[in-house]
Amino acid sequence: MKPGQIAFLGSGETSLAGGRVFETLTRRLPDSPRIAILETPAGFELNSAIVAGRVADFLKARLQNYSPQVDVIPARKRGTDFSPDDPDIIKPLLEANLIFMGPGSPTYAERQLKGTLAWDVIRARHRLGAILVFASAATISVGAWLLPVYEIYKVGQDVHSLPGLDLFSDFNVPLSFIPHWNNAEGGADLDTSRCFIGMERFAQWCASLPSGHTVVGLDEHTGLIVDFEKEECAVSGVSSVSLVRECDPEIFPAGRTFPLAELGNFKLPASPDEGISATAWELVWSAAHKEDESPDAKVQSLLGSREQARAAQDWAASDRLRAELAELGWAVTDTPQGQVVSRLSRKP
């Protein structure tokens, strides 16, 4: 199985442009969306539940035609009752097929997630096909190198970089991300582009990164969808995405697609559990296996049709439906009590 798509939003996860990205991703899901929203990036805020809850309410309304199940994960801080290492707190992640993280602090998100059970579960679910969506602060935090925005822009620290969660190290590609790339809130008096630090300080930050590194700059209300199956990237929204190599940007406007190889020479993990803790992988695989044991709506419908065919003694239709079920991975046994369905054996 190929990893799921990964989407990055420059801003506006609850805007019209953000909604279109979520809907595009949802249409690719084989089942109804089971969405998990992490509070972690904003976990230091007293209202982090409200911040995440607004996104949850937006997705419930925007995706209502897809009957989404939406859970907010209060994995706010290590060593507390809301720890990202608590299996009960992060339980909805185990069955989520779309996982979202958004506003907050990039450095806080990295400190609270690096090496945790939650982060390993997120990566494991992605390798099994779940979609990941990152916006704003979370977009910065998952890069190889992290821009400490608040520390530079608000506190006045010197320009510097910090190690990020480095999601794409799983695929042997060094990538970092800057949302709010074209921000103009400062007007004519203050350059607030490049996520509020301005072009001059961004140039300093970019020059400090290792050679061969790529920075992805995301304009506001603009998204980038990374698709491992199609081996392409698609720009969505109202503006553009910039790929900055050796601090030299190349711009891709909305509506444009480009090969995945533009981001780097991707190499999939040798095995699904590579680099993931045994505890996390066992939890994820057990949940996936349990889910696989229950026939979905399509299988149930085929079983109903086959039962009707047998009642009408239409044996040709019965055999055809049995074959269709087998293609979907289900074996049917006829007993005096009726049909019994079981999963065909398969390797992990």
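Note that this is a predicted model, so its numbers are computed, not measured.

The rules behind the values
Residues numbered from 1 in each chain as written. Predicted model: local features only at pLDDT ≥ 70, side-chain atom pairs only at ≥ 80, totals over all residues. Heavy atoms only, no water. Helix = DSSP H or I, 4+ residues; strand = E, 2+ residues; numbered from the N terminus. Buried < 20%, exposed > 50% of the residue type's maximum accessible area, 1.4 Å probe, protein only. Contact = heavy atoms within 4.5 Å. Pairing = 2+ DSSP bridges. Phe/Tyr/Trp six-rings, centres within 6.5 Å; stacked < 30°, edge-to-face > 60°. Lys NZ or Arg CZ within 6 Å of the ring centre and 35° of its normal. Expected span 1.5 Å × (residues − 1). Arc of directions from axis to C-beta. 1 Å grid on protein atoms, 1.4 Å probe; cavity = no way out; pocket = protein on both sides within 12 Å on 5 of 7 lines; lining within 4 Å. Points joined across faces, edges and corners; volume = space filled by probe spheres on them. Nonpolar A, V, L, I, M, F, W, Y, C, P; charged D, E, K, R; others polar. Polar contact = N/O pair within 3.5 Å; in protein donor to acceptor, adjacent residues only side chain to side chain.

Some points on the environment of isoleucine 37
Step number 1: Within the element layout of this structure, isoleucine 37 appears in strand E2 (residues 34-38).
Step number 2: Given a relative accessible area of 1%, isoleucine 37 falls into the buried group.
Step number 3: Taking the C-alpha atoms as reference points, isoleucine 37 and serine 239, 202 residues apart in sequence, are found 26 Å from one another.
Step number 4: Isoleucine 37 has contacts with Ala52, Val55, Ala56, Leu59, Val70, Asp71, Val72, Ile73 and Phe100, leaving out every residue within four places of it along the chain.

A few points about the pairing of strand E9 (residues 214-218)
Step number 1: Counting buried positions along E9 gives 5 out of 5 residues, so the element sits mostly inside the fold.
Step number 2: Where burial is concerned, the two faces of E9 agree: the one with Thr214, Val216 and Leu218 and the one with Val215 and Gly217 are both buried.
Step number 3: Of the strand pairs in this sheet, strand E8 (residues 175-178) and E9 are connected by 4 bridges, and their pairing is parallel. Within E9, the position partnered with phenylalanine 177 by the bridge is valine 216.
Step number 4: Examined bridge by bridge, E9 and strand E12 (residues 240-245) share 5 bridges and lie antiparallel to one another. When the bridges of E12 are listed, valine 215 appears paired with valine 244.

Examining the packing of aromatic side chains
Step number 1: Scanning all chains against the criterion turns up 16 aromatic pairs.
Step number 2: Where phenylalanine 171 meets phenylalanine 266, the ring centres are 6.3 Å apart and the plane angle is 45 degrees; that geometry is what we call tilted. Taken together, the residues span a long stretch of sequence, with phenylalanine 171 in the loop between strand E7 (162-163) and E8 and phenylalanine 266 in the loop between strand E14 (257-259) and helix H8 (278-292) at a distance of 95 residues.
Step number 3: Residue class for phenylalanine 171 comes out buried when judged on its relative accessible area of 0%.
Step number 4: Judged by relative accessible area, which is 18%, phenylalanine 266 ranks as buried.
Step number 5: Grouped by ring-pair contacts, the aromatic residues Phe8, Phe134, Phe168, Phe171, Phe177, Phe228 and Phe266 constitute a single cluster.
Step number 6: In this structure, arginine 76 packs its charged tip against the face of phenylalanine 82, placed 4.3 Å from the ring centre.
Step number 7: For arginine 194, the ring lying beneath its charged end belongs to tryptophan 181, and the centroid distance is 4.0 Å.

Some remarks on helix H10 (residues 315-327)
Step number 1: The end-to-end C-alpha distance of H10 is 18 Å, a good match for the 18 Å that 13 residues give at a rise of 1.5 Å each.
Step number 2: Within H10, the full set of buried residues consists of Ala317, Ser318, Leu321 and Leu325. Along the axis of H10, the buried positions cluster into a sector of 100 degrees, meaning they face one direction only. Exposed residues pointing more than 90 degrees away from the buried face of H10 are listed as Ala316 and Glu327.
Step number 3: Positive backbone phi, at 95 degrees, marks glycine 329, one or two positions downstream of H10.

Digging into empty space enclosed by the protein
Step number 1: Applying the stated criterion across every chain yields a total of 1 cavity of 30 Å³ or more.
Step number 2: Reported here for the largest cavity is a volume of approximately 70 Å³.
Step number 3: Looking at the lining of the largest cavity, the elements that each hand over two or more residues are E2 and helix H2 (48-62).
Step number 4: In terms of residues, the lining of the largest cavity owes the most to one element, H2, which gives 4 residues.
Step number 5: Broken down by class, the residue content of the lining of the largest cavity amounts to 9 nonpolar, 2 polar and 1 charged.

So, the pairing of strand E1 (residues 6-9)
Step number 1: Residues Ile6 and Phe8 line one face of E1 and the alternating positions Ala7 and Leu9 line the opposite face, and both faces are buried.
Step number 2: Relative to strand E5 (residues 131-135), E1 runs parallel, the two sharing 4 bridges. Paired with phenylalanine 8 across the two strands is phenylalanine 134, which belongs to E5.
Step number 3: Strand direction decides the pairing type here: E1 and strand E10 (residues 222-227), joined by 4 bridges, are antiparallel. If you follow alanine 7 over to E10, its bridge partner there is isoleucine 225.

Overview of the environment of aspartate 158
Step number 1: Positionally, aspartate 158 belongs in the loop between helix H6 (149-153) and E7.
Step number 2: As a C-alpha pair, aspartate 158 and phenylalanine 8 span 150 residues in sequence and 27 Å in three-dimensional space.

Overview of helix H4 (residues 117-127)
Step number 1: Across the 11 residues that make up H4, a large majority, 11, are buried.
Step number 2: Two residues or fewer after H4 comes glycine 129, characterised by a positive phi angle close to 115 degrees.

Focus on the side chain of asparagine 97
Step number 1: Along the chain, asparagine 97 turns up in the loop between strand E3 (69-73) and strand E4 (98-101).
Step number 2: Of the residues examined, asparagine 97 reaches a relative accessible area of 7% and is grouped as buried.
Step number 3: A distance of 3.2 Å separates the side chain of asparagine 97 from the backbone oxygen of serine 32, its partner in a polar contact.
Step number 4: A polar side-chain atom of asparagine 97 sits 2.7 Å from the main-chain amide nitrogen of arginine 34.
Step number 5: Contact partners of asparagine 97, with chain neighbours within four places excluded, come to Leu29, Asp31, Ser32, Pro33, Arg34, Arg125, Ala130 and Ile131.

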